[in-house]
Amino acid sequence: MTERPATPRLKTKAAPVQDRPRVGAPRAIADLMPDIGRAAFRKFGFVQSSIVTRWAEIAGPQYAAISAPESIRFPVGKKAGGTLQLTVMSGHGPMIQHMLPDLVERVNRFFGYAAVAKVALRQGDISPVQAERRPPPRNLKPVPVDFGDSLRDIGDPELRAVLESLAQGLANSTGLPKIG
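In short, a report on the structure.

**Observations regarding the side chain of T87**
Link 1 in the chain: Here T87 is to be found in strand β2 (residues 82-88).
Link 2 in the chain: Within the structure, T87 has its side chain in polar contact with the side chain of E70 (distance 2.6 Å).
Link 3 in the chain: Within polar-contact distance, the side chain of T87 engages the side chain of R122 at 3.2 Å.
Link 4 in the chain: Look past the residues within four positions of T87 in its chain and what remains in contact with it is I66, S67, A68, E70, R122, Q123, G124, D125 and I126.

**Some details on the pairing of β2**
Link 1 in the chain: By the criterion of burial, β2 is predominantly enclosed, with six of the seven residues buried.
Link 2 in the chain: Sheet topology places strand β1 (residues 67-73) next to β2; six bridges connect them, and they run antiparallel. Each residue of the ladder has a partner; that of S71, found in β2, is Q85.
Link 3 in the chain: Examined bridge by bridge, β2 and strand β3 (residues 116-123) share seven bridges and lie parallel to one another. By the bridge assignment for β3, Q85 is matched with A120.

**Comments concerning the packing of aromatic side chains**
Link 1 in the chain: Counted according to the given criterion, the structure contains two aromatic pairs.
Link 2 in the chain: Here F110 and F111 contribute two aromatic rings whose centre-to-centre distance is 5.8 Å and whose plane-to-plane angle is 70°, an arrangement assigned as edge-to-face.
Link 3 in the chain: The class for F110 is partly exposed, based on a relative accessible area of 24%.
Link 4 in the chain: A network of ring pairs unites the aromatic residues F110, F111 and Y113 as a single cluster.

**A short note on the sheet that holds β1**
Link 1 in the chain: If you walk across this open sheet you meet the three strands as β1-β2-β3, and the pairing is mixed. Looking at strand neighbours, the two that pair on one side only are β1 and β3, the edges of this open sheet. Taken over all neighbouring pairs, the strand axes of this sheet differ in orientation by 25° on average, direction set aside.
Link 2 in the chain: Against the sheet, helix α6 (residues 100-111) makes contact with β1, β2 and β3, and its axis sits at roughly 120° relative to β3, the strand it touches most.

**Topic: the nonpolar core**
Link 1 in the chain: Core analysis: the largest hydrophobic core is formed by 21 residues, its most contacted members being W55, L84, L86, I96 and V107.
Link 2 in the chain: Looking at which element gives the most residues to this core, the answer is α6, with five residues.
Link 3 in the chain: Beyond its immediate stretch of four places on either side in the chain, L86 contacts W55, S67, A68, P69, I96, L103, V119, A120, L121 and R122.

**Some details on the environment of L163**
Link 1 in the chain: Tracing the backbone shows L163 in helix α8 (residues 157-172).
Link 2 in the chain: Given the relative accessible area of 27%, L163 is considered partly exposed.
Link 3 in the chain: For the pair formed by L163 and L151, sequence separation is 12 residues and the distance between their alpha carbons is 7.5 Å.
Link 4 in the chain: Apart from the residues lying within four places of it in its own chain, the contact partners of L163 are L151 and I154.

**Description of the pattern of salt bridges**
Side-chain pairing between opposite charges can occur once the charged atoms of the two side chains come close.
Link 1 in the chain: Within this structure, the stated rule accounts for four salt bridges.
Link 2 in the chain: Across the pair D102 and R106 runs a salt bridge, and its minimum N-O distance is 3.2 Å. Remark: R106 and D102 occur in helix α6; sequence separation between them is four residues, near one turn of the helix.
Link 3 in the chain: Of the charged contacts in the structure, one is a salt bridge between E105 and R109, with a shortest N-O distance of 3.2 Å. Note that E105 and R109 are positioned in helix α6 at a spacing of four residues, about one turn of the helix.
Link 4 in the chain: Take R109: its relative accessible area is 57%, and that puts it in the exposed class.

Criteria and cut-off values
- Residues numbered from 1 in each chain as written.
- Predicted model: local features only at pLDDT ≥ 70, side-chain atom pairs only at ≥ 80, totals over all residues.
- Heavy atoms only, no water.
- Helix = DSSP H or I, 4+ residues; strand = E, 2+ residues; numbered from the N terminus.
- Polar contact = N/O pair within 3.5 Å; in protein donor to acceptor, adjacent residues only side chain to side chain.
- Contact = heavy atoms within 4.5 Å.
- Buried < 20%, exposed > 50% of the residue type's maximum accessible area, 1.4 Å probe, protein only.
- Pairing = 2+ DSSP bridges.
- Phe/Tyr/Trp six-rings, centres within 6.5 Å; stacked < 30°, edge-to-face > 60°.
- Axes fitted to C-alpha atoms, helices over the stretch in contact; angles between N-to-C directions.
- Core = buried A, V, L, I, M, F, W, Y, C linked by side-chain atoms within 4.5 Å.
- Salt bridge = Lys/Arg side-chain N within 4 Å of Asp/Glu carboxyl O.

Shown next as C-alpha cells:
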C-alpha cells in the first residue's frame, strides 16, 4: 500500500488579477516634477533641493562662485547634525575653511534648525550658475489712482516701493488669496 502525504495538496485556480481603480483626477506633469526632483535629490543625499538652487542666497555671491553643495548626510534615523559635503574650487580651500563656522550658521539658519554640524570639503571644478532674472509679467495692471495718490505722501522710498508693490498685487488679484 502506498502512504498518503500528511497534508493533501489542493489545486487552486489562479484568481484573475483585478486592476485597481484609479483614484483622483489626472494631474499635470508640472505638479509631478517637484516629487520626481525631490526623489532624485534624496537619493544623492539632499533632504531639501532648494539648498542647491538657492546656494548663492545662502552662502552669498562671493562664496557661491567658488563653492557648491554636493550632499548632506545625516546620522541614521536623524535629521539633524548632518555633514555637508562641499565642493570648492582649487586654491580656495583655506579661505572656505576659515569661513566654515559662518557657512554652517547660514545653512542652519536657512533650514531653521541645526541641520548641519560639520562640513567636509572636496576640491573640484565649479560651474558658475547665474541666477535667473525674469522681467515682470506684462499683464500687470497699473496701480489704481486712489492707491497711488495716498502713496505719494510717504517719505521713505523703500516703504513706498513695497506699498506700491502690495497695491499692484491687490489690483491684479481676482479673488480671495489662496493660502497653503
